[in-house]
Amino acid sequence: MIVPWPAGGGADAISRKISSLAEQSLDTSIYVENIGGAVTATGLMQLAKARPDGHTIGVLTYDSVITLPRGNMVPGYSLDRLAPFARVTQEADSIVVSKQSGFSSYEELIEAAEADPGTVRIGVAPQGSGPYLAVRRLEAATGVSFNVVSYPGSSTAETEALLSGEIDAAISSLGDFSGILSSGDAIGVVELSSEQNPAYPEVPPISEFGVDLETGSFIVLAAPANTPEDTLDTLESLYHEAYSSDEFQQWVTSIGVTPGWLGSEEVTEWIDDYQERTYDAMDELGL
């Protein structure tokens, strides 16, 4: 399994956990390899070039599905070269604030940004990413202006920046910040969703504040294009069994991530719809 991000992020942890459960039904091991670079394209290009026999699979995230295709950033990269066979998570973005920022609620954060535009420092992934789009959509919806600081790579860099006081807030999933949330070094103030996350009952959805904004991340599993249908069916069944296990369900919920299964028949249609809706939002903001 190719994880196209460095080790240590949320996608890496989830991919390793579900694969460790999936391999229990096999006579061999599933080796997880982190191949980062080019906003996931380095690892996924290697996946696309692999023999389509079911022995090499990989992980698609927001950047794989939106950022790369939107910007035509890497010659030769195309989702047409991959065969998605499952989605295992779908989680909303959130805003967390550092303990030392002085903020303790979403309202306080917005009021400060409104009173003194460009001074509230908020960390996100680089332009083209889901969190970057989320902060720009939030600015448009609320009429405020943040000092947006981008951090390449996984949410680990944003976590370090929050702890050091380099930024006041950051946008990513609650699961990505579970460590500093549980330690009390950060506080989740809002989730960019219309529904309450049962894993974090103290973090309200942004719909409670009259803002219509839903953004987030996901993990999709894929094989190289032209992998035989019966092989894809086997992979889907293998990972669905792991996904459905009590161990995975309890573990993924405990880290604040929302499980969300789609099989091979539904996931491609979901990707197409997700791309269309996200591109429309980008067009509206001129991104």
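Here the structure is a predicted model, which is why all the values come from computation and not from measurement.

S.K.: For this particular structure, what's the right way to read the side chain of Glu236?
M.R.: Residue placement: Glu236 occurs in helix H8 (residues 229-244). Here Glu236 occupies a buried position and makes no salt bridge, while the nearest side chain of opposite charge, Arg87, is found at 12 Å. For Glu236, the residues in contact, after removing those within four places along its chain, are Phe85, Trp261, Gly263 and Ser264.

S.K.: Would you take a moment to explain a negative patch on the surface for this structure?
M.R.: Where like charges cluster on the molecular surface, the negative patch consists of Glu229, Asp230, Asp233, Glu265, Glu266, Glu269, Asp272, Glu276, Asp280 and Glu284. Breaking the negative patch down by element, the ones donating at least two residues are H8 and helix H10 (264-285). Considering each element in turn, the negative patch owes the most residues, 7 residues, to H10. Relative to the assigned elements, Glu276 resides in helix H10.

S.K.: What exactly am I supposed to notice about the packing of helix H1 (residues 10-22) against helix H9 (residues 246-254) here?
M.R.: Describing two packed helices takes the angle between their axes plus the distance from one axis to the other. Axis separation between H1 and H9 bottoms out at 10 Å; the angle between their running directions is 165°. As judged from the angle between their axes, H1 and H9 are roughly antiparallel. Here H1 runs over H9; the crossing is right-handed. For the pair H1 and H9, the contacting residues are Ala13, Ile14, Lys17, Ile18 and Leu21 in the first and Glu247, Phe248 and Trp251 in the second. Residues belonging to the contact of H1 with H9 are distributed by class as follows: 6 nonpolar, no polar and 2 charged.

S.K.: Looking at this structure, how should I read the nonpolar core?
M.R.: A general feature of soluble globular proteins is that nonpolar side chains tend to end up buried together. Formed by 30 residues in total, the largest nonpolar core has its most connected members in Met1, Phe85, Leu221 and Tyr239. Breaking this core down by element, the ones donating at least two residues are H1, strand E4 (82-98), strand E9 (216-224), H8 and H9. Residue contributions to this core peak at 6 residues, all from H8. Leaving out residues up to four positions away in the same chain, Leu221 has contacts with Met1, Gly58, Val59, Ala83, Pro84, Phe85, Ala86, Val88 and Tyr239. With 26 residues, the next largest nonpolar core counts Ile35, Val65, Ile66 and Trp270 among its residues.

S.K.: Just to check I follow, could you spell out the pairing of strand E8 (residues 186-191) for this structure?
M.R.: Look at any regular strand and the pattern is simple: side chains alternate between the two faces of the sheet. Most of E8 is tucked away, with 5 of its 6 residues classed as buried. Inspection of the sheet shows E4 paired to E8 by 5 bridges, in the antiparallel sense. Note that in E8 the partner of Val97 across the bridge is Ile187.

S.K.: Even after reading the chapter, I still don't get the side chain of Asp12, so can you show me in this structure?
M.R.: Summarising the element assignment, Asp12 is placed in helix H1. In terms of polar contacts, Asp12 uses its side chain to reach the side chain of Arg16, at 2.9 Å. Reaching out from Asp12, the side chain makes a polar contact with the side chain of Asn34 at a distance of 2.9 Å. Not counting the four nearest positions on each side in its chain, Asp12 is found in contact with Val3, Pro6, Ala7, Val32 and Asn34.

S.K.: I would appreciate a short explanation of the pairing of strand E6 (residues 147-150) in the present structure.
M.R.: Where strand E5 (residues 121-124) and E6 come together, 4 bridges link them in parallel fashion. Counterpart to Ile122 in the pairing with E6 is Val148. Handedness of the crossover is the feature at issue here: the chain leaves E5, passes through helix H5 (residues 130-142), returns alongside E6, and the resulting connection is right-handed.

The rules behind each value
- Counting restarts for each chain: residues are numbered from 1 in the order of the written sequence.
- Given that the model is predicted, a residue must reach a pLDDT of at least 70 before its local features are reported, and side-chain atom pairs must reach 80 or more before they are shown or counted; all residues, however, enter totals for whole chains, interfaces and linings.
- Hydrogens and water molecules were not included; the side-chain quantities draw on all heavy atoms of the structure.
- Elements are defined by DSSP. Helices are runs of H or I of four residues or more, strands are runs of E of two residues or more, and each kind is numbered from the N terminus.
- Here's how the labels work: a residue is buried when its accessible area is under 20% of the maximum for its type, exposed when over 50%, partly exposed in between, all with a 1.4 Å probe on protein chains only.
- In this tally, Lys and Arg are treated as positive and Asp and Glu as negative; His is ignored, and so are the chain termini.
- Criterion for a salt bridge: a side-chain nitrogen of Lys or Arg within 4 Å of a carboxyl oxygen of Asp or Glu.
- Note on contacts: a residue pair is in contact if any heavy atoms of the two residues lie within 4.5 Å.
- A patch is a set of surface residues, each over 30% in relative accessible area and not in a salt bridge, joined within 9 Å for like charges and within 5 Å for the nonpolar side chains Val, Leu, Ile, Met, Phe, Trp and Tyr.
- Here, Shrake-Rupley sampling with a 1.4 Å probe gives the accessible areas, and only protein chains in the shown set may cover a residue.
- Every charge is mapped onto a representative atom, which is NZ of Lys, CZ of Arg, CG of Asp or CD of Glu.
- Helix axes are fitted to C-alpha atoms over the stretch in contact, other axes to C-alpha atoms as well, and angles between N-to-C directions run from 0 to 180 degrees.
- Any angle that is under 35 degrees is reported as roughly parallel, and any over 145 degrees as roughly antiparallel; angles of 65 to 115 degrees are reported as roughly perpendicular and all others as oblique.
- In this scheme the handedness of a crossing depends on how the near helix is turned from the far one: anticlockwise by less than a right angle means left-handed, clockwise means right-handed.
- Amino acids are sorted into nonpolar (Ala, Val, Leu, Ile, Met, Phe, Trp, Tyr, Cys and Pro), charged (Asp, Glu, Lys and Arg) and polar (every other residue, Gly among them).
- Put simply, buried Ala, Val, Leu, Ile, Met, Phe, Trp, Tyr and Cys residues joined by side-chain atoms within 4.5 Å make one nonpolar core.
- Only strands that DSSP links by at least two bridges are regarded as paired with each other.
- Under the rule applied, a polar contact is a pair of N or O atoms within 3.5 Å (in protein, one hydrogen donor and one hydrogen acceptor; residues adjacent in sequence only if both atoms are side-chain atoms).
- With its strands directed away from the observer, a crossover is right-handed exactly when the path from the first strand over the helix to the second travels clockwise.

So far we have only geometry, and geometry alone does not tell us how the molecule works.
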